[in-house]
Amino acid sequence: MTSFNIPPITQRQGFSIKSRICGFFGTSKRKILQSHRVVTAEQEQEEQEDMESILKPLRDGESVLDLSPRSTVSGGVEDVYGEDRATEDQLVTPWTFSVASGYSLLRDPQYNKGLAFTEKERDAHYLCGLLPPTVITQQLQEKKLMKSIREYQVPLQKYMAMMDLQERNERLFYKLLIDNVEELLPVVYTPTVGEACQKYGSIFRRPQGLYISLKEKGKILEVLKNWPERSIQVIVVTDGERILGLGDLGCQGMGIPVGKLALYTALGGVRPSACLPVTIDVGTNNEKLLNDEFYIGLRQKRATGKEYYDLLHEFMCAVKQNYGEKVLVQFEDFANHNAFELLAKYGTTHLVFNDDIQGTASVVLAGVVAALKLVGGILADHTFLFLGAGEAGTGIAELIALEMSKQTKAPIEESRKKIWLVDSKGLIVSSRKNSLQHFKKPWAHDHEPLNNLLDAVKVIKPTVLIGSSGVGRTFTKEVVQAMTANNEKPLIMALSNPTSQSECTAEEAYQWSEGRAIFASGSPFDPVEYKGKVYVPGQANNAYIFPGFGLGLVISGTIRVHDDMLLAASEALAKQVTDENYNKGLIYPPFTDIRKISANIAANVAAKAYELGLATRLPRPADLVKYAESCMYSPVYRNYR
């Protein structure tokens, strides 16, 4: 390890030595002017113009009103070390607080390249003898690892292999994930991540994020400062109470934030060093985990009420204090009652987003809008029936109603009447209103009570059936046949995750509807052959939306999330579906184009943020799609000095 006498300033802190000096003299000059002179507005404007003309040659002709190509998402200063740039032709220094060399460099996942270190790099960084003599390319490393991963028969083994890779070679991990996204997405996220969370205590090797428990109450700000990165742009946080459709997994829900943020980088291009996974551990009500000797969380029943909300409030305040106004906090897999409460409480004071409520809603709306080309009509021509009235179901319903109102100019109360919800007690109707949770009440319409889904399908006669119940095999043969009897092309969306909790399989949907259903699911299903025709099921995966949505917020410096931004994301995704996709019965584009899709979503979201006056990054880039693409993290190895 060779350590130079360099001040501990890194690009991750968001400023350079040059910016410190400029900031100091700029501040000093303002203080002098304010202390010794009183100037008129006209004089001040003349001085500013004069100063601008003096400084312009020193800035190579740039004006403060222009968008500097040196400006970056990480803080608006020159990207001295190249981490933020999407080009790979710049030499960079592998440093944190000092230049890393030799043994320590091989164990730093951010800079480690394994056998891809060149001869020159090995000499410069004291790696000679620490690696075998051969030098190979990143492409060959990728080929070797994919071959190894494909040899595993058990999905959890593939997951563990990918997590091991992430912990030793970050860029190679993301190179694999980006280049093989359709194959590896089910490995690093749903459905495999569900099993990983269930067994997280047994497979735990090293922490991948921050664990904030009740023990840290009163010192959460100190805990946040223990994380080595300073320029955090996206936080994904869970309390583990409702992991996918698997229920309360307590502290072991950490697999969800880790997986989500891996997708933020791979699919949306947000830098890995700008991402922070967090688990809030307030205990668990899962008796199996409490009695498991390998469980890694607090061994107590869940804290609720004031104790719970006080801890969350301290966390939210500490996040804003430590990382600023523009850090995105994504709530993930909170129980219904807490999810709505937190989103309502912090939506006007923080940049917050709930993927289960808002992300799911946005991706489903995009699929429904795209499907209109196959089924005909506009949103208001259709009747929607949901199985499941939790955070996902009501979130989707509300966004569909918003888009319907936007298209028809009708009040949202009228649009809601086209949408019906079924929960565990049957159809939600006005006679049940007094006993309903607050988020279900807008969907209590005047109708006679119906006790089950099949009766609701027969009586309501929906054209679109959406499942968000978290209960598998609830779209029975009778339900699908009833949908088919009412519609030439019924749209059936079985959204619950993981695969075992899906309301029906793709094969069941196509067979029971005699090949007439337009089908999409939350977890992936293989293509189905029915009567000589191959049907390719769509996947209404939130990964279509949240990476691009988050990127759009980051690149525009947005300070609040507005519903119109979710509509903008849905519209952008629906526009990416091509005629070729439609011919296969798809209502979502293939994941192979996900970075292009994310760039378009980011641009649409950023444009809406600027329109609403919620974007702080000025001036607005002329071409938001190109700007989004330029901000995306590239996993290609850098050449070290």
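See the structure shown above.
Residues numbered from 1 in each chain as written. Predicted model: local features only at pLDDT ≥ 70, side-chain atom pairs only at ≥ 80, totals over all residues. Heavy atoms only, no water.

Draft legend 1. Inspection of the sheet that holds strand β12 (residues 518–521) at higher detail. The sheet built from seven strands is open, its strands ordered β9-β8-β7-β10-β11-β12-β15 with mixed pairing. Each edge of the sheet is formed by a strand with only one pairing partner; in this case those strands are β9 (426–427) and β15 (538–539). The pairing of β12 with β15 spans two bridges and is classified as parallel. What sits directly across from Ala-520, in β15, is Gly-538. Along the sheet face, helix α17 (residues 391–408) touches β7 (384–387), β8 (419–423) and β10 (464–467) and points at about 165° away from the line of β7. Helix-sheet contacts for helix α19 (residues 453–460) involve β7, β8, β9 and β10, and the interaxial angle to β7 is about 175°. (Pairing = 2+ DSSP bridges. Helix = DSSP H or I, 4+ residues; strand = E, 2+ residues; numbered from the N terminus. Contact = heavy atoms within 4.5 Å. Axes fitted to C-alpha atoms, helices over the stretch in contact; angles between N-to-C directions.)

Draft legend 2. Region of the structure containing the side chain of Glu-332. Within the secondary structure layout, Glu-332 lies in the loop between β5 (328–331) and α15 (336–346). A relative accessible area of 1% places Glu-332 in the buried class. Ignoring sequence-local partners within four residues, the contact set of Glu-332 consists of Tyr-189, Val-236, Val-237, Thr-238, Asp-239, Ile-256, Lys-260, Asp-355 and Asp-356. (Buried < 20%, exposed > 50% of the residue type's maximum accessible area, 1.4 Å probe, protein only.)

Draft legend 3. Fine view of the side chain of Ser-405. Position of Ser-405 relative to the elements: it lies in helix α17. A polar side-chain atom of Ser-405 sits 3.5 Å from the main-chain amide nitrogen of Ile-412. In contact with Ser-405, not counting residues within four places along its chain, are Ala-410, Pro-411, Ile-412 and Ser-415. (Polar contact = N/O pair within 3.5 Å; in protein donor to acceptor, adjacent residues only side chain to side chain.)

Draft legend 4. Quick look at the packing of helix α16 (residues 355–375) against α17. Look at α16 against α17: their axes get within 8 Å of each other, and the N-to-C directions meet at 50°. Considering their axes alone, α16 and α17 lie oblique with respect to each other. Read as a crossing pair, α16 and α17 show a hand that is right-handed. On the side of α16, the interface is formed by Asp-356, Ile-357, Thr-360, Ala-361, Ser-362, Val-364 and Leu-365, while α17 contributes Glu-391, Ala-392, Gly-395, Ile-396, Leu-399, Ile-400 and Glu-403. Residues of the contact of α16 with α17, tallied by class, amount to eight nonpolar, three polar and three charged. (Parallel < 35°, antiparallel > 145°, perpendicular 65-115°, else oblique. Left-handed = near helix turned anticlockwise from the far one by under 90°. Nonpolar A, V, L, I, M, F, W, Y, C, P; charged D, E, K, R; others polar.)

Draft legend 5. Main features of the layout of surface pockets. In this structure, the second largest pocket spans a volume of roughly 910 Å³. Of all the secondary-structure elements, those providing two or more residues to the lining of the second largest pocket are α16, α17 and β8. Residue classes in the lining of the second largest pocket are distributed as 13 nonpolar, 23 polar and eleven charged. (1 Å grid on protein atoms, 1.4 Å probe; cavity = no way out; pocket = protein on both sides within 12 Å on 5 of 7 lines; lining within 4 Å. Points joined across faces, edges and corners; volume = space filled by probe spheres on them.)

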